[in-house]
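# Fold and contact review
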Amino acid sequence: MNTVLQMNSENCNALLGNPDRGLRMEHYITLGTPVCSYPFDGTDPFERAQTLIRKYKPDSPTLCQLYVYLSNYRRKSLDVVAFEQLKKIFELYRDNNIRLLLRFAYSTEDVSDAPYRMVKKHLGQIDTWFNENRELVSDTLYCMQTGIIGLWGEGHSNKHLKNRHIKRVIRRVCEIAPKGIYVQVRTFDMLKKVCDDDKSKTGIHDDYIIGDMNHKWSFIPQSKKENFSETVEHAKFTVNDGEMPWGRATLDDKQGAMSLGSLDGKAILKQLFCFSLTSLSLEHNYREDGNEYSLAKWKNEYLSYSEAVSLGITVNPNLFKNSKKEDTNLSIYDIIRYHLGYQLALTDYEYQNGTLSFTVTNYGFAAPLNFNYLAVIFQDENGVLSDFEVKNYDKKQLLSGKSVTYNVTLPPKCEPVGVQTDTQKGAGVNPRFANSTKFAEGIQYFK
């Protein structure tokens, strides 16, 4: 077997550019006239998007949670203006190589929900727009959230919809989501409303991650043992997202209670790993209004490899070594941003008598569930590169900490040069592996 060179703590920064994983931004657009960011805040959403991209450039996010507020259309159909604005914001993020965690919503503290008949109408219009703009949607959409109704589109606290309507809304969003795109719900009660046909593509979104997995506002408290275990197992096979509460907030939003601006980083790591999180918000508990909260503080809190492993989480041991193969420590902030979602590495390969054998290891917190295609790239005797699909590739086998060996028989008179993975063949969403070998045109080379 030939080993494949691994990245270390000094050259792993390129992994932060990988798509469909990692720390994410958060943005809003309220469609209509006049267009604004958060409903009626008067700010330009396109300028605000550029401001956010500049603000978080040092963190290298490739994702943004985008709330699309339909507040101006609660009593009428979406019009040409709305869809032109939607297309413009999609194009802005596409042009900046940022993919979207998408949520449609109506209600805020100051705006009420829409009736079911209008929600149903809008979802039909959005479905049509998705089909008409299939390439743009494919280029930009990472995942969808199914709330829509209720405060901030979280699916709860709705005053207009009956239980059967909520189920229908969830089902319709699942139908709208393009092939290969997962959806997310905010609560365990909503997850129970998902029909059996859609369960396998429906993950979780937990926006009260504080390191206490028994808190009543978490997705499912640990005290509800059977439901908790069921959810943790379910989350291994879905795309999941989370965020921490505002750093300026207090526990349970009670005056005088514990501050949430200095959360326990080790406890957070265990929670992110437990629920197989692919993405986590940079907003709220990081750098807000000139103040620094948990994520910022964790840049100065370090763990060794053994300390990280003792938490029961999967991490890449090679990232805890420098270029001289000496042991080094990683900050909790870096452990999070490198290990959210998938982190694939080629570990070894062998080519004999026309058969290639190679092993892929996943060091991330979650499986590479958005990636449905794996191919070996080989070179013929004229130097022309071609791809050969690995037919037995199963993304769900590459759970956190797992290694899978693939055996492929290649055409005669060729030489394997590397591998490539993609959301779908030819989509061009190609992650880099955690190897320090050449990476070009979406191909991770063996040498």
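Residues numbered from 1 in each chain as written. Predicted model: local features only at pLDDT ≥ 70, side-chain atom pairs only at ≥ 80, totals over all residues. Heavy atoms only, no water.

Attention shifts here to the overall build of the chain. Helix and strand content of the chain: 11 helices and 21 strands. Computed over C-alpha atoms, the radius of gyration of the chain comes to 22 Å, within 12% of the 22 Å expected from 2.2 N^0.38 for 447 residues, which places it in the range of a compact globule. Every one of the 447 residues in the chain was classed for burial, and the buried ones make up 58%. A fraction of 74% describes how many contacts in the chain between residues 6 or more apart in sequence connect residues 24 or more apart. Carbon together with sulfur atoms contributes 46% to the accessible area of the chain, which is approximately 19,100 Å² in total. (Helix = DSSP H or I, 4+ residues; strand = E, 2+ residues; numbered from the N terminus. Rg over C-alpha atoms; globule rule 2.2 N^0.38 Å. Buried < 20%, exposed > 50% of the residue type's maximum accessible area, 1.4 Å probe, protein only. Contact = heavy atoms within 4.5 Å. Areas by Shrake-Rupley, 256 points an atom, 1.4 Å probe, with all protein chains shown as cover.)

Now for empty space enclosed by the protein. Here the structure, examined in full by the defined rule, presents 4 cavities of 30 Å³ or more. The space that makes up the largest cavity amounts to roughly 50 Å³. What lines the largest cavity is simply Asp20, Tyr142, Val239, Thr278, Tyr342, Ala367, Pro368, Leu369, Asn370 and Phe371. Among the residues forming the lining of the largest cavity, the class breakdown is 7 nonpolar, 2 polar and 1 charged. (1 Å grid on protein atoms, 1.4 Å probe; cavity = no way out; pocket = protein on both sides within 12 Å on 5 of 7 lines; lining within 4 Å. Points joined across faces, edges and corners; volume = space filled by probe spheres on them. Nonpolar A, V, L, I, M, F, W, Y, C, P; charged D, E, K, R; others polar.)

A few words now on the nonpolar core. Core analysis: the biggest nonpolar cluster contains 103 residues, and Tyr93 and Met144 have the highest contact counts within it. Among the nonpolar cores identified, the runner-up in size contains 24 residues, and Tyr349, Leu356, Leu374 and Leu398 belong to it. (Core = buried A, V, L, I, M, F, W, Y, C linked by side-chain atoms within 4.5 Å.)

Let us look at helix 2 (residues 80-95). Over its 16 residues, helix 2 runs 22 Å from end to end, which matches the ideal 22 Å to within 8%, given 1.5 Å per residue. Three or more residues of helix 2 are buried, namely Ala82, Phe83, Gln85, Leu86, Ile89, Phe90, Leu92 and Tyr93. Residues of helix 2 that are buried in the fold lie against strand 2 (22-30), helix 1 (45-55), strand 3 (63-69), strand 4 (99-107), helix 3 (116-132) and helix 4 (134-140). Of the residues flanking the end of helix 2, it is Asn97, one or two places downstream, whose phi is positive at about 55 degrees. (Expected span 1.5 Å × (residues − 1).)

Let us now look at the sheet that holds strand 19 (residues 414-422). Pairing is antiparallel across the open sheet formed by 5 strands, whose spatial order is 17-16-19-21-20. Edge positions in the sheet fall to strand 17 (385-389) and strand 20 (439-440), since each of these pairs with one other strand and no more. Bridging between strand 16 (residues 373-380) and strand 19 involves 8 bridges; their strand directions are antiparallel. Note on strand 19: the bridge partner recorded for Tyr373 is Asp422. (Pairing = 2+ DSSP bridges.)

A word on the side chain of Arg186. Its location among the elements puts Arg186 in the loop between strand 6 (183-185) and helix 6 (188-192). The class of Arg186 is buried, set by a relative accessible area of 9%. A polar side-chain atom of Arg186 sits 2.6 Å from a polar atom in the side chain of Asp207. A distance of 3.1 Å separates a polar side-chain atom of Arg186 from the backbone oxygen of Trp217. (Polar contact = N/O pair within 3.5 Å; in protein donor to acceptor, adjacent residues only side chain to side chain.)

The computed volume of the largest pocket comes to approximately 1,000 Å³. Every residue lining the largest pocket is counted, 41 residues in all, and those nearest its centre are Glu154, Asp207, Glu243, Trp246 and His284. Elements with a minimum of two residues in the lining of the largest pocket: strand 2, helix 1, strand 3 and helix 6. In the lining of the largest pocket, the residues fall into 17 nonpolar, 7 polar and 17 charged. Estimates place the volume of the second largest pocket at around 310 Å³. Forming the boundary of the second largest pocket are 19 residues, of which Arg134, Ser138, Pro178, Lys179 and Ile181 lie nearest the centre. Counted by class, the lining of the second largest pocket contains 7 nonpolar, 7 polar and 5 charged residues.

On to the sheet that holds strand 15 (residues 355-362). One open sheet accounts for 4 strands, arranged 1-14-15-18; its pairing is antiparallel. Each edge of the open sheet is held by one strand with a lone partner, namely strand 1 (2-3) and strand 18 (403-409).

In terms of burial, strand 7 (residues 202-206) is largely enclosed, as 5 of its 5 residues are buried. Of the two faces of strand 7, the one holding Thr202, Ile204 and Asp206 and the one holding Gly203 and His205 are both buried throughout. The pairing of strand 6 with strand 7 spans 3 bridges and is parallel. Within strand 7, the position partnered with Gln184 by the bridge is Gly203. Taken together, the 2 bridges between strand 7 and strand 8 (residues 240-242) define a ladder with parallel strand orientation. From the neighbouring strand, His205 faces strand 8, where its bridge partner is Asp241. For the crossover that starts at strand 7, traverses helix 7 (residues 225-235) and ends in the parallel strand 8, the hand is right-handed. (Right-handed = clockwise from strand over helix to strand, strands pointing away.)

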